[in-house]
Amino acid sequence: YEAINLPVFGPDSSMVAYQSLKEGKWRGVVGERESAANYDGVDAPVFSSDGARIAYPAIKNGKFFMIVSPIGKPDDVKRSPAYDMAVTPVFSPDGRRIAYRARKGPMEKAKRFIVIADADTGKVIKEGPVGDEIWPPVWSADSKTAAYGARIGKELWWKVQALP
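Quick look at the structure, then. (Residues numbered from 1 in each chain as written. Predicted model: local features only at pLDDT ≥ 70, side-chain atom pairs only at ≥ 80, totals over all residues. Heavy atoms only, no water.)

## Notes on the overall build of the protein
- Counting its regular elements, the protein contains zero helices and 18 strands.
- For 164 residues, the compact-globule formula gives about 15 Å, and the C-alpha radius of gyration of the protein, at 16 Å, lands near that figure.
- Considered along the principal axes of its C-alpha atoms, the protein spans approximately 45 × 35 × 25 Å.
- Across the 164 residues that make up the protein, the buried fraction comes to 43%.
- Look at the contacts in the protein between residues 6 or more apart in sequence, and 28% of them connect residues 24 or more apart.
- A total accessible area of about 8,600 Å² is found for the protein, and carbon and sulfur atoms account for 55% of it.
- Between the mean site of the 24 positive side-chain charges and the mean site of the 20 negative ones, the protein shows a separation of 6 Å. (Helix = DSSP H or I, 4+ residues; strand = E, 2+ residues; numbered from the N terminus. Rg over C-alpha atoms; globule rule 2.2 N^0.38 Å. Buried < 20%, exposed > 50% of the residue type's maximum accessible area, 1.4 Å probe, protein only. Contact = heavy atoms within 4.5 Å. Areas by Shrake-Rupley, 256 points an atom, 1.4 Å probe, with all protein chains shown as cover. Lys, Arg positive; Asp, Glu negative; His and termini not counted. Charge placed at Lys NZ, Arg CZ, Asp CG, Glu CD.)

Next comes the structure, spelled out in structure tokens:
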């Protein structure tokens, strides 16, 4: 490889994942299996708590995507809609959903929000509400609620998103 990012161990320490640069493009690697997807940039991967999935932010043509893939199937990639930023993925404790911070629009007029998506399909379940700043999400133990910090104007709020 031309470069690699910091490796991350899976929940039971039997797997390691990292991002590698090969022929000028970045891709995810779990164990010895590379994804076929090629990106202009990537961020550190995260595992679901059951070790069944991996997620990482990727950049292609100036847009961010959240990539989710089942372990052992690197080409079965679910890609989020395009955003101007998508970072800090966090899987729900049951591994069925993923939450991450996203932004649409230029920095000075950006709409920042939390995205909650289905980890199997990548389909967005919920976006928002919008804030001036958004802090990384956390999940309830039962995986039914996500919470995050938000600054709206001069006020700081804790936002809670209940899910069906």
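## Some remarks on the packing of aromatic side chains
- Applying the stated criterion to the full structure yields three aromatic pairs.
- Ring centres 6.3 Å apart and planes at 70° place the aromatic pair Y83 and Y100 in the edge-to-face group. Highlighted residues: Y83 in the loop between β10 (78–79) and β11 (85–91) and Y100 in strand β12 (residues 97–104), separated in sequence by 17 residues.
- Residue class for Y83 comes out buried when judged on its relative accessible area of 1%.
- On the accessibility criterion, Y100 (1% relative accessible area) is buried.
- One aromatic cluster is present, formed by Y83, Y100 and F113 through successive ring pairs.
- Lying across the ring of Y39, K60 places its NZ or CZ 5.9 Å from the centre.
- Geometry around F65 places R79 over its ring, the cationic atom sitting 4.0 Å from the centre. (Phe/Tyr/Trp six-rings, centres within 6.5 Å; stacked < 30°, edge-to-face > 60°. Lys NZ or Arg CZ within 6 Å of the ring centre and 35° of its normal.)

## Overview of the pattern of salt bridges
- What the rule picks out here adds up to nine salt bridges.
- As a salt-bridge pair, K25 and D40 come within 2.7 Å of each other at their nearest N and O atoms. Here D40 lies in the loop between β5 (33–34) and β6 (41–42) and K25 lies in strand β4 (residues 25–30), a separation of 15 residues in the sequence.
- Taking relative accessible area as the criterion, K25 reaches 31% and is therefore assigned partly exposed.
- On the accessibility criterion, D40 (36% relative accessible area) is partly exposed.
- Linking D94 and R96 is a salt bridge whose minimum nitrogen-to-oxygen distance equals 3.5 Å.
- Since its relative accessible area comes to 49%, R96 is described here as partly exposed. (Salt bridge = Lys/Arg side-chain N within 4 Å of Asp/Glu carboxyl O.)

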